[in-house]
Amino acid sequence: MIRKKRIWISIKYFLYIFILFVLYAMQTTAGAFSFFGIRPIWVLPFAVAISMCEDVVSAAVFGSLSGLLCDLGSQALFGFNGLLVLCGCVTISLLSFFLIKENWKSALLLGGALAAVRALLEFFFFYLIWGYENIQLVFIHSVLPMLVYTTALMPLFLLLVRKIKEKCDGQWKE
């Protein structure tokens, strides 16, 4: 029984890691999955979904891993997204464990809030404090559509993580 449990838990986390790296490849592929030139951050909704469905340690690990993958694919200081997404995923995990139901509405709300904080901090540090002209155009045409596109993916990834968790946890409990 314990051996079967370990095997299915290992399969579940291997699937999570595999999906995370596939999503990172989709995120960094130039021109792929863009909608009018706007690409979402694919790994962020997946990390939020894992945070809502799994324990705090898993949320911390996958939050920091997805944040560091975001750092590899952006011009941000390495560790900026890693630390930000780590704190956000741990907070989301604790909120969903103690306070909030695990449904698509809360996924939109919590994931959208984390994506908004990340996007606003990135906009502030990359554009606003440097005093560029017409930065409102960057915000309207780049930051906001990316934020909406990323937030719209949250319920899909929550459904995916739920299915993987139910399938793997159901196998060893039988």
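As the structure is a computational prediction, the values presented were derived from the model and not from experiment.

**Student:** When you look at the nonpolar core in this model, what are you seeing that I'm missing?
**Tutor:** Note that soluble globular proteins tend to have their nonpolar side chains buried in a common cluster. Residues Tyr-16, Leu-23, Val-43, Phe-46, Phe-157 and Val-161 are the most contacted members of the largest nonpolar core, which totals 43 residues. Those elements that provide at least two residues to this core are α1 (2-28), α2 (43-53), α3 (56-72), α4 (80-98), α5 (104-126), α6 (135-152) and α7 (154-173). Looking at which element gives the most residues to this core, the answer is α2, with nine residues. Those residues in contact with Val-161, other than ones at most four positions away along the chain, are Tyr-16, Phe-46, Ala-49, Ile-50 and Cys-53.

**Student:** Is there a simple way to explain the side chain of Glu-54 in this structure?
**Tutor:** Relative to the assigned elements, Glu-54 resides in the loop between α2 and α3. Glu-54 sits in the buried class, given a relative accessible area of 9%. In this structure the side chain of Glu-54 is engaged in a polar contact, spanning 3.3 Å, whose partner is the side chain of Lys-12.

**Student:** For this particular structure, what's the right way to read the packing of aromatic side chains?
**Tutor:** For any two aromatic rings, the description comes down to two numbers: the centre-to-centre distance and the angle of the planes. Per the stated rule, a full pass over the model turns up 13 aromatic pairs. Seen from their ring centres, Tyr-13 and Tyr-16 are 5.8 Å apart, and the 75 degrees between their planes marks the pair as edge-to-face. Of this pair, Tyr-13 and Tyr-16 are both found in helix α1, three residues apart, which corresponds to roughly one turn of the helix. Its relative accessible area of 23% is what places Tyr-13 among the partly exposed residues.

**Student:** Please clarify how unusual backbone geometry should be interpreted in this entry.
**Tutor:** Apart from glycine, the bulk of residues carry a negative phi angle, and the bulk of peptide bonds sit in the trans form. At Asn-134, a residue that is not glycine, the phi angle is positive and equals roughly 55 degrees. Secondary-structure assignment places Asn-134 in the loop between α5 and α6.

**Student:** I tried to follow the packing of α3 against α4 on my own but got confused; where do I start?
**Tutor:** The description of two packed helices rests on the angle between their axes and on the distance between the axes. Contact pair α3 / α4: the axes reach a minimum separation of 7 Å and the direction vectors enclose 150 degrees. In terms of their interaxial angle, α3 and α4 are classed as roughly antiparallel. Between α3 and α4 lies a crossing whose hand is right-handed. Contacts from Val-56, Ala-59, Ala-60, Gly-63, Ser-64, Ser-66, Gly-67, Leu-68, Cys-70 and Asp-71 of α3 reach α4 at Phe-80, Asn-81, Gly-82, Val-85, Leu-86, Cys-89, Val-90, Ser-93 and Leu-94.

**Student:** Can you help me understand α6 in this one?
**Tutor:** The α-helix winds at 3.6 residues per turn, so residues separated by three or four positions along the chain end up facing the same way. In this model α6 runs 25 Å from its N-terminal to its C-terminal C-alpha over 18 residues, within 8% of the 26 Å that 1.5 Å per residue would give. Along α6, the largest kink reaches about 30 degrees and is centred on Val-143; proline Pro-145 follows within four residues of it. All of the buried residues along α6 are Ile-135, Val-143, Met-146, Leu-147, Thr-150 and Thr-151.

**Student:** In this structure, what is going on with the pattern of salt bridges? I would like to understand it.
**Tutor:** Pairing between side chains of opposite charge can happen when the charged atoms of each approach one another. Counted by the stated rule, this structure contains six salt bridges. Glu-54 serves as the salt-bridge partner of Lys-12, at 3.3 Å between the closest nitrogen and oxygen. Of the two residues, Lys-12 sits in helix α1 while Glu-54 sits in the loop between α2 and α3, which places them 42 residues apart along the sequence. Like Lys-12, the residue Glu-54 is buried in the burial classification. The shortest N-O distance in the salt bridge between Lys-12 and Asp-169 comes to 3.4 Å. A residue pair is termed long-range when its members are at least 10 positions apart, and Lys-12 in helix α1 and Asp-169 in helix α7 qualify at 157 residues. On the accessibility criterion, Asp-169 (13% relative accessible area) is buried. Members of the salt-bridge network, linked through shared partners, are Lys-12, Glu-54, Lys-165 and Asp-169.

**Student:** Can you help me understand the side chain of Asn-81 in this one?
**Tutor:** Note on placement: Asn-81 falls in helix α4. Here Asp-71 takes part through its side chain, which lies 3.0 Å from a polar atom of the side chain of Asn-81. In contact with Asn-81, not counting residues within four places along its chain, are Gly-67, Cys-70, Asp-71, Ser-74, Ala-76, Leu-86, Arg-118 and Glu-122.

Calculation rules
- Note on numbering: residues in each chain are counted from 1, in written sequence order.
- Reporting in this predicted model follows two pLDDT cut-offs: at least 70 for local features of residues, and 80 or more for side-chain atom pairs to be given and counted; totals over whole chains, interfaces and linings ignore these cut-offs and use all residues.
- With hydrogens and water excluded, all non-hydrogen atoms of the structure serve as input to the side-chain values.
- Note on terminology: a nonpolar core comprises buried Ala, Val, Leu, Ile, Met, Phe, Trp, Tyr and Cys residues joined through side-chain atoms within 4.5 Å.
- A simple rule labels every residue: compare its accessible area, found with a 1.4 Å probe on the protein chains alone, to the largest value its type can have, and call it buried under 20%, exposed over 50%, or partly exposed in between.
- Under the scheme used here, helices are H or I runs from DSSP no shorter than 4 residues and strands are E runs no shorter than 2 residues, and both carry numbers assigned from the N terminus.
- Should any heavy atoms of two residues lie within 4.5 Å, those residues are counted as being in contact.
- Any pair of nitrogen or oxygen atoms within 3.5 Å is treated as a polar contact; in protein, a donor-acceptor pairing is required on top of that, and neighbouring residues in sequence qualify only through side-chain atoms on both sides.
- Any Phe, Tyr or Trp ring, taking Trp's six-membered ring, that has another such ring centre within 6.5 Å forms a pair; planes under 30 degrees apart are called stacked, those over 60 apart edge-to-face, and the others tilted.
- Interaxial angle, 0 to 180 degrees, is taken between N-to-C directions of lines fitted to C-alpha atoms, where a helix line uses only the stretch in contact.
- Each angle receives one of four descriptions, namely roughly parallel if under 35 degrees, roughly antiparallel if over 145, roughly perpendicular if within 65 to 115, and oblique otherwise.
- For any pair of crossing helices, the crossing counts as left-handed if the nearer helix is rotated counterclockwise from the farther one by less than a right angle, and right-handed if it is rotated clockwise.
- Given a helix with a known number of residues, its expected span is that number minus one, times 1.5 Å.
- Bend, at a single residue, is the angle you get between axes fitted to the 7 residues ending at that residue and the 7 residues starting at it.
- Salt bridge, as used here: a side-chain nitrogen of Lys or Arg that lies within 4 Å of a carboxyl oxygen of Asp or Glu.

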